[in-house]
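Each chain, written out:
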Amino acid sequence: LFDGVYPFYPQQRKSFVFDVSTIIVIIVFLTLACSFLIIIPGIRGRARLYWLIRVLLSLLIGVVIVVVQYTGDWEIGWVKANTSYKSFSNALVNADIGLHIGLAGVNITLVGNPVNQVNETINYNEHFAWSFNADYDHSYSEGLERGLPRPILYLAEKFTSQSPCAVHNQYRISGHYASAVLWVAFCTWLISNILFSMPALVYGGYMVLVTGAFMIFSLLSFSTVRNSPMCAIKFGPESLQISYGGSFWLTLVVGLLCFMIGFTVIALHFFSLDLLKTFFDLHVDEAEECQEMTEVYVNHHFMNNTP
């Protein structure tokens, strides 16, 4: 042993904190938000508040649409149980077992209570991808070869293509189409921002409604996995129950927010256009245009004498 560690063998994976892709997306949108906050003191009057609300709401919608595609908590499940740690061993460990299902795969966590038990550090996180460019069954086979703890393999086996649970294809296809629909929602979000800046306010409101509709469609696509009943997942007397996670509910909330924004813009366009123009700072532009127009003098004597 070298400092209590086997030096020539791969070490067990630790629990993840954040996905790298999620961090990159958040940093990009935070950079845009900070850049706007730097220049906002140059905007005078109430227009500063209106700009702040519009930009931050738009960035919130955009970052949620992109981030939820990389998160792993569309469905989650936790259970605390006494379970066997290794195959062909009678040793039991007390651990928290977590299941985190995303659009592109599943994360399985195993954390001991306490972490150090049976002369090992029990703090695992394993990812098994089922996207179209990944081979879930091959990842599961590699886990068997590496000798992963039995609870992780037991959970991972439920999602293999050969499992009697028969949920592999359902999750794979539902996640794929949910991701595709979210990318369409991202495109319509970009178009809505372009229309608001032109400005074509009512059409921007329509595109915000379309963005919210596509976000709801992505939820409907993912929720079709409930059409296939999940096998019972038991660890002794305890059972692991799966429910919708934070990403699912966050997408629902932002989708409803898009509907609210879109209906508000359309209603103001037809019933209070001046208020809508004030919020989008258009009256200032019209006033400036009127100030820039030069005065024109007409010679009425010349006009009357013209044949």
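The structure reproduced in this document is the subject of the present report. Here the structure is a predicted model, which means the values were calculated and not measured. For every chain, the first residue of the written sequence is number 1, and numbering continues from 1 onward in sequence order. Per-residue local features are limited, in this predicted model, to residues with pLDDT of at least 70; the limit for side-chain atom pairs, both in listing and counting, is 80 or more; totals at the level of whole chains, interfaces and linings are taken over all residues. Neither water nor hydrogens contribute to the side-chain values; these are computed over all heavy atoms in the structure.

**Considerations on the sheet that holds strand β4 (residues 120–129)**
Part 1 of the argument: Overall, antiparallel pairing links the 5 strands, which are arranged β4-β3-β2-β1-β7 in an open sheet. Each edge of the open sheet is held by one strand with a lone partner, namely β4 and β7 (243–244).
Part 2 of the argument: Alignment of strand β3 (residues 105–117) against β4, held across 9 bridges, turns out to be antiparallel. Within β4, the position partnered with Asn116 by the bridge is Thr121.
Part 3 of the argument: Residue contacts follow a heavy-atom distance rule, with two residues in contact if any of their heavy atoms lie within 4.5 Å. As a rule, the C-alpha atoms of each element are fitted with a line to give its axis, helices using only the stretch in contact, and angles between N-to-C directions run from 0 to 180 degrees. Helix numbering and strand numbering both begin at the N terminus, where a helix is a DSSP run of H or I of at least 4 residues and a strand a DSSP run of E of at least 2. Strands in contact with helix α4 (residues 150–157) are β1 (75–84), β2 (92–101), β3 and β4; relative to β3, the strand with the most contacts, it is inclined by about 160 degrees. DSSP calls a pair of strands paired once it identifies at least 2 bridges connecting them.

**Let's talk about the pattern of salt bridges**
Opposite charge on two side chains permits pairing when their charged atoms draw close.
Part 1 of the argument: The working definition used for a salt bridge is a side-chain nitrogen of Lys or Arg within 4 Å of a carboxyl oxygen of Asp or Glu. Using the criterion set out here, one finds 1 salt bridge in the structure.
Part 2 of the argument: For Glu126, the salt bridge is made with Arg146, and the minimal N-O distance between the two is 3.0 Å. In this pair, Glu126 sits in strand β4 while Arg146 sits in helix α3 (residues 136–146), placing the two residues 20 residues apart along the sequence.
Part 3 of the argument: A simple rule labels every residue: compare its accessible area, found with a 1.4 Å probe on the protein chains alone, to the largest value its type can have, and call it buried under 20%, exposed over 50%, or partly exposed in between. Assessed through its relative accessible area of 43%, Arg146 is described here as partly exposed.

**Quick word on the state of the cysteines**
Part 1 of the argument: Note on terminology: pairs of cysteine sulfur atoms within 2.5 Å are recorded as disulfides. According to the stated counting rule, one finds 1 disulfide in the structure shown.
Part 2 of the argument: With a sulfur-sulfur separation of 2.1 Å, Cys165 is cross-linked through a disulfide to Cys231. The chirality of the disulfide connecting Cys165 with Cys231 is left-handed, given an S-S dihedral of about -140 degrees. Taken as a pair, Cys165 in the loop between α4 and α5 (168–197) and Cys231 in the loop between α6 (201–223) and β5 (234–235) lie far apart in primary sequence, 66 residues in all.

**Here we look at the pairing of β2**
Part 1 of the argument: With respect to burial, β2 is a largely interior element, 7 of its 10 residues being buried.
Part 2 of the argument: Sheet analysis places β1 next to β2, joined by 10 bridges and oriented antiparallel. Its bridge partner being in β2, Lys80 is matched across the sheet by Asp96.
Part 3 of the argument: Bridge count between β2 and β3: 7 bridges; the pairing is antiparallel. Each residue of the ladder has a partner; that of Leu99, found in β3, is Ile108.
Part 4 of the argument: Adjacent in sequence and paired antiparallel, β2 and β3 are bridged by 3 residues.

**With respect to helix α1 (residues 20–39)**
Part 1 of the argument: Take the residue count of a helix, subtract one, and multiply by 1.5 Å to get its expected span. Its 20 residues give α1 an end-to-end C-alpha distance of 29 Å, which sits within 8% of 28 Å, the value for a rise of 1.5 Å per residue.
Part 2 of the argument: Inspection of α1 places Thr22, Val25, Phe29, Ala33 and Phe36 among the buried residues, and these make up the whole buried set. Along α1, the residues classed as buried sweep out an arc of 75 degrees about the axis, all on the same side. Away from its buried face, by an angle of more than 90 degrees, α1 presents the exposed residues Val20, Ile38 and Ile39.
Part 3 of the argument: On its buried face, α1 is in contact with α2 (47–67) and α5. Summarising the geometry, the arc corresponds to the directions from the helix axis toward the C-beta atoms.

**Considering unusual backbone geometry**
Part 1 of the argument: Look at the link from Asn113 to Pro114: it is a cis peptide, with omega at 5 degrees.
Part 2 of the argument: Note on placement: Pro114 falls in strand β3.
Part 3 of the argument: For the bond running from Met198 to Pro199, omega is 0 degrees, close enough to zero to count as cis.
Part 4 of the argument: Looking at the element boundaries, Pro199 is found in the loop between α5 and α6.
Part 5 of the argument: Its identity is not glycine, yet Asn119 carries a phi of approximately 60 degrees, on the positive side.
Part 6 of the argument: By the secondary structure assignment, Asn119 is in the loop between β3 and β4.
Part 7 of the argument: A relative accessible area of 85% places Asn119 in the exposed class.

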